[in-house]
Amino acid sequence: MLLIKFDTNVGPTMGKGSGFGKVILFNEHFTVYGIPSIVSAIDRATTATVEPFEGTGWTIDDRREATPGYKEEKFEQQKDSMERILKAAGIDTTRDPIKITLGGSLVAASGIGASAASCTAIARALSDEFNLGLSDDRINEFAYEGEKGYHGTPSGIDNTAATYGGLIWFVRGAPNVIEQMKLERPIEIVMGNTGLVADTKAAVAGVRERREKYLEKYDKLFKEAEGLAHKARKALEGYDMNAVGKLMDENHRLLQAIEVSCKELDFLVALAREQGAFGAKMTGGGLGGNMVALTPGKDLQEKVAQAMEREGFEALRTGIG
Ligand code: MEV
């Protein structure tokens, strides 16, 4: 069970909220076009507190641990995101000035759902502070609005994982399909951080441009991705880790083909496989950020994580399911 810690000097009238980090196991990018995808929340979360502020408007004190450069690079997008959440929630900070403080156990980095986790945490904290009584579905809607500040046209997969947690079959549509999947027991994974801050908006826009240019090639790749998602769901629900790993490898190949991987991600993927990971792939927006290796059992997880650390990369030992 995830333990979410808040600052101990949090006042009694402060609104509080949290949002999970995530790992996309199958079909990031393809999901933007309604291809089924699979995402899992991880046991790391961002926390937010909201309190009245003696000033004008709103201010953020971002105390999250972060990949160097991440906060600076995302600053303008964070401001845009914040305005969108406030607008969706109908909060007028010229009348009710607020201070938002971000913290928690999720390191702010690309590919791990940091933006979505913060949007969900903020939406929950606003609901708490202003007694809005928002349901999870409404929180998810507001977090989605916030995600637009970071992604432009997000699929909604990240805020869905950040809000509901668990292992989710996600299909973008009207409405989105959001189905909780069950695993026999949790599985260890390692997330390897390239240390590169990536721009998801640009990565998504790049896929769109290339898809328009090479429609036939991309159609074929998208069909493959769709077939793969169904096989992956069956393999996960049947707890067939060998099959899940092979399908992750296949998914990485498709992501390389749509040009969202990079040499650092490919290096970590190859390293994880060499060390015995059942499968490995980039995860999230790509062009930097994180990759994920399937490493059932603590020993294998440790072996793969240590190999990444020896090469100078950060490795997060976490799990799915
Ligand atoms: C980013 O975590 C996932 C993408 O598929 C974008 C999105 O779905 O909004 C790249």
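From a predicted model like this one, the values you see are computed outputs, not experimental measurements.

1. Some thoughts on the pairing of strand 9 (residues 290-294)
Looking down a regular strand, the side chains alternate between one sheet face and the other.
1) Next: By the criterion of burial, strand 9 is predominantly enclosed, with five of the five residues buried.
2) Next: Burial of the side chains of strand 9 extends over both faces: Asn290, Val292 and Leu294 are buried on one face and Met291 and Ala293 on the other.
3) Next: Direction of pairing for strand 7 (residues 187-193) relative to strand 9: antiparallel, over a ladder of five bridges. If you follow Met191 over to strand 9, its bridge partner there is Val292.
4) Next: Sheet analysis places strand 8 (residues 279-283) next to strand 9, joined by five bridges and oriented antiparallel. When the bridges of strand 9 are listed, Ala280 appears paired with Ala293.
5) Next: As consecutive antiparallel partners, strand 8 and strand 9 are separated by six residues, and within that stretch Gly284 has a phi angle of approximately 90°, a positive value.

2. Things to note about the domain arrangement of the chain
1) Next: Under the domain assignment, the chain is made up of domain 1 (15-181) and domain 2 (187-320).
2) Next: Placing the centre of domain 1 and that of domain 2 at their C-alpha centroids yields a distance of 23 Å.
3) Next: Counting from both sides, the interface comprises 38 residues of domain 1 and, opposite them, 47 residues of domain 2.
4) Next: At the boundary of domain 1 and domain 2, one finds two salt bridges.
5) Next: Taken together, domain 1 and domain 2 are joined by 14 residue pairs in polar contact (both at pLDDT 80 or more).
6) Next: Only strand 1 (15-26), strand 2 (37-52), helix 1 (70-89), helix 3 (136-151) and strand 6 (177-181) provide two or more residues apiece to the side of domain 1 that touches domain 2.
7) Next: No other element matches the six residues that strand 2 contributes to the side of domain 1 that touches domain 2.

3. Notes on the sheet that holds strand 10 (residues 314-320)
1) Next: The four strands lie next to each other as 8-9-7-10, forming an open sheet whose pairing is antiparallel. What marks the edges here is a single partner per strand, and that holds for strand 8 and strand 10. Recorded for the sheet is a direction-independent mean angle of 25° between the axes of neighbouring strands.
2) Next: Its contacts with the sheet place helix 7 (residues 241-257) against strand 7, strand 8 and strand 9, and it is angled at close to 40° to strand 8.

4. Brief notes about the pattern of salt bridges
1) Next: Considering all chains together, one arrives at 21 salt bridges under this definition.
2) Next: Between Arg273 and Asp249 there is a salt bridge, with its nearest N and O atoms 2.8 Å apart. With Arg273 in helix 8 (residues 263-274) and Asp249 in helix 7, the pair connects residues that are 24 residues apart, well separated along the chain.
3) Next: With relative accessibility at 23%, the residue Asp249 sits in the partly exposed group.
4) Next: Through salt bridges that share partners, Asp62, Arg64 and Lys71 make up one connected network.

5. Looking at the site of the ligand
1) Next: Close to the ligand lie 14 residues; Lys22, His29, Pro154, Ser155 and Asp158 are nearest.
2) Next: Between the ligand and the protein, one listed contact pairs an oxygen atom with a side-chain N or O atom of Lys22 at 3.2 Å.
3) Next: Within the side chain of Asp158, an N or O atom sits 2.7 Å from an oxygen atom of the ligand.
4) Next: Relative to its unbound accessible surface of 300 Å², the ligand loses 98% to contact with the protein.
5) Next: Secondary structure elements with two or more residues in the shell around the ligand: strand 1 and helix 4 (157-164).
6) Next: Split by residue class, the shell around the ligand holds five nonpolar, six polar and three charged.
7) Next: Residues from two domains meet in the shell around the ligand; each of domain 1 (15-181) and domain 2 (187-320) gives at least three.

6. Let's talk about the packing of helix 1 against helix 3
Geometrically, a packed helix pair is captured by the angle between its two axes and the distance between the axes.
1) Next: Where helix 1 meets helix 3, the axes come as close as 7 Å, and the angle between the chain directions of the two elements is 150°. Relative to helix 3, the element helix 1 lies roughly antiparallel. Crossing geometry of helix 1 relative to helix 3 is assigned as right-handed. Side by side, helix 1 and helix 3 meet where Lys74, Gln77, Gln78, Asp80, Ser81, Arg84, Ile85, Ala88 and Ala89 of the first sit next to Phe142, Glu145, Gly146, Lys148, Gly149 and Tyr150 of the second.

7. Regarding the nonpolar core
1) Next: Counting residues in each nonpolar core, the largest one holds 65 residues, and the members touching the most others are Phe26, Ile38, Leu236, Met291 and Met308.
2) Next: Here this core takes nine residues from helix 6 (residues 215-237), the largest share from any one element.
3) Next: Split by domain, the residues of this core number at least three in each of domain 1 (15-181) and domain 2 (187-320).
4) Next: Listed in part, the 21 residues of the second largest apolar core include Ile91, Ala123, Leu126 and Tyr150.

Definitions and cut-offs
Residues numbered from 1 in each chain as written. Predicted model: local features only at pLDDT ≥ 70, side-chain atom pairs only at ≥ 80, totals over all residues. Heavy atoms only, no water. Buried < 20%, exposed > 50% of the residue type's maximum accessible area, 1.4 Å probe, protein only. Helix = DSSP H or I, 4+ residues; strand = E, 2+ residues; numbered from the N terminus. Pairing = 2+ DSSP bridges. Domains from an automatic or database assignment. Contact = heavy atoms within 4.5 Å. Salt bridge = Lys/Arg side-chain N within 4 Å of Asp/Glu carboxyl O. Polar contact = N/O pair within 3.5 Å; in protein donor to acceptor, adjacent residues only side chain to side chain. Axes fitted to C-alpha atoms, helices over the stretch in contact; angles between N-to-C directions. Near = heavy atom within 4 Å. Areas by Shrake-Rupley, 256 points an atom, 1.4 Å probe, with all protein chains shown as cover. Nonpolar A, V, L, I, M, F, W, Y, C, P; charged D, E, K, R; others polar. Parallel < 35°, antiparallel > 145°, perpendicular 65-115°, else oblique. Left-handed = near helix turned anticlockwise from the far one by under 90°. Core = buried A, V, L, I, M, F, W, Y, C linked by side-chain atoms within 4.5 Å.

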